[in-house]
Amino acid sequence: MSDNGTQTKENRPEKSVPEVRFAREEDLERVNELRRVVNDLHVKGKPDVFKPGFCDELRDYIHVIRSDPNKKIVVAELEGKVCGFAVLNHIVKPENPFMYERDFLDIDEFAVDTACRRRGVASAMVAFIRGWAKEQGYKRLELNMWEFNQGALAFYEAAGFSTYRRYMEMFL
């Protein structure tokens, strides 16, 4: 503190920087805690599509993801605690009469603990994913999101993603 009681740059507490890495086995329980929160958000936003609860099959699916050679789980830590995760999926869509082959990295799941938002965690995860994807030779990074999640949309747009396709529905 300065003599007048205000914080100065020299005595300001150091801001925690997120550490982003690939998940280890011991991270998966915490990842599932975050996946449960995401599932609850989706159930609330689209109850006609998403099933409530977090059944054993959903819980155990994280191990299926981790063992799949086409998928990776990324985690972010703040102060030694996993506070965010993303599931990456390498997708190849073969050429057909209408479209060229598409080979890209898809962000299938993405979440940051609400207590850790606005601290650079999501941005650090996107930077890590983008850097790793470039190193692996990917030319395109994609994700999809549900329209009710406007906060996610605002973040993804700010991070550099743009909408190129939209799904719509009509109830009958």
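The coordinates are above.
Worth saying up front: this structure is predicted, and the values here are computed from it rather than measured.

(A) Highlighting the overall build of the protein. Counting secondary structure elements, the protein contains four helices and five strands. Beginning at the N terminus, the succession of helices and strands in the protein can be written as β-α-α-β-β-β-α-β-α. Along the longest, intermediate and shortest principal axes, the C-alpha atoms of the protein span 75 × 40 × 35 Å. For the protein, restricting intrachain contacts to residue pairs at least 6 apart in sequence, the fraction spanning at least 24 positions comes to 60%.

(B) Summary view of the nonpolar core. If you look at the biggest cluster of nonpolar residues, it comprises 24 residues, and the most contacted ones within it are A86, L88, L105, I107, F110, V121 and I129. No other element matches the seven residues that helix α3 (residues 121–135) contributes to this core. Contact partners of A86, with chain neighbours within four places excluded, come to K72, I73, V74, I107, E109, F110 and I129. Ranked by size, the runner-up nonpolar core spans twelve residues in total, among them L28, V31, I65 and I73.

(C) Focus on the side chain of R21. With respect to the helices and strands, the residue R21 is situated in strand β1 (residues 19–22). Since its relative accessible area comes to 9%, R21 is described here as buried. Residues contacting R21, with those up to four places away along its chain left out, are D27, I73, V74, V75, E77, V82 and F128.

Calculation notes
- Residues numbered from 1 in each chain as written.
- Predicted model: local features only at pLDDT ≥ 70, side-chain atom pairs only at ≥ 80, totals over all residues.
- Heavy atoms only, no water.
- Helix = DSSP H or I, 4+ residues; strand = E, 2+ residues; numbered from the N terminus.
- Contact = heavy atoms within 4.5 Å.
- Core = buried A, V, L, I, M, F, W, Y, C linked by side-chain atoms within 4.5 Å.
- Buried < 20%, exposed > 50% of the residue type's maximum accessible area, 1.4 Å probe, protein only.

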